[in-house]
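# Fold and geometry: a report
Residue-level listing of the chains:
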Amino acid sequence: PDVAILYDRINAELQLSAFKEIEGVNLAFAAQTFNLGPAVQCAFHRDSLNWPTGICPVLVLGEFDHTTSGHFIMCEPKVVMELRPGDLLLFTSSLITHGNAPLAQHEKRMSWTFYTAGGLFRWWAAGQKLIEQVKKEGGYAAYLQQAQLLQQEGWDSLLTMAQLRERYLVALDV
């Protein structure tokens, strides 16, 4: 929830409203990708241009046996997940190397991903200027300070399960 608040604030200040203009859609992410396949298999990679502390929701689509193929694999944490069509995964795609296991020959797998480019956050931290322009104008130290504050706010927005539990169990009066 705190990630979305940060995204919404940056989107508003940068006047990014593309998703807000789609009837009934309320997404904080500045971009989306439809991987339509029909047999989408991602090689292992990191989305290094995404905002590092941002989350990347991935909606799994298709017709495949999630118990035998198409597994979602995260390398550093050594996690293999059996994601079914319709499952939604949230993870930090720029920090974790990830990919998919192959599908069986007759199966179909697609995905819909959401993300925000790290460059938008740098642009915001630089006062909506190019870094080279900020340097020429003598504002590079202020930019670095603003970028560091934004980075810390990004890390702070990633809540642990204990923080989420505490926040929402108290809110629900459980």
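Everything below is about the structure shown above.
Nothing here was measured: the structure is a model prediction, and the numbers come from that model.

## Quick notes on the sheet that holds strand S7 (residues 108-115)
Spatially, four strands are ordered S1-S7-S2-S5 in an open sheet, and the strand pairing comes out antiparallel. Each having just a single partner strand, strand S1 (31-35) and strand S5 (88-91) make up the two edges of the open sheet. Each adjacent strand pair in this sheet contributes to an overall mean axis angle of 15 degrees, direction not counted. Examined bridge by bridge, strand S2 (residues 56-63) and S7 share six bridges and lie antiparallel to one another. Opposite Val-60, over in S7, you have Ser-111 as the bridge partner.

## Quick look at the pattern of salt bridges
Counted under the stated rule, the structure contains seven salt bridges. Across the pair Arg-167 and Asp-2 runs a salt bridge whose closest N-O atoms are separated by 2.7 Å. Residue Arg-167 is found in helix H5 (residues 161-171), and its partner Asp-2 is found in helix H1 (residues 2-13); the two are separated by 165 residues along the sequence. Residue Glu-153 is joined to Arg-9 by a salt bridge in which the shortest nitrogen-to-oxygen separation is 2.6 Å. With Glu-153 in helix H4 (residues 140-157) and Arg-9 in helix H1, this residue pair connects regions lying 144 residues apart in the sequence. A residue is classified by how much of its surface remains accessible, and Glu-153, at 30% relative accessible area, is partly exposed.

Definitions and limits used
Residues numbered from 1 in each chain as written. Predicted model: local features only at pLDDT ≥ 70, side-chain atom pairs only at ≥ 80, totals over all residues. Heavy atoms only, no water. Pairing = 2+ DSSP bridges. Helix = DSSP H or I, 4+ residues; strand = E, 2+ residues; numbered from the N terminus. Axes fitted to C-alpha atoms, helices over the stretch in contact; angles between N-to-C directions. Salt bridge = Lys/Arg side-chain N within 4 Å of Asp/Glu carboxyl O. Buried < 20%, exposed > 50% of the residue type's maximum accessible area, 1.4 Å probe, protein only.

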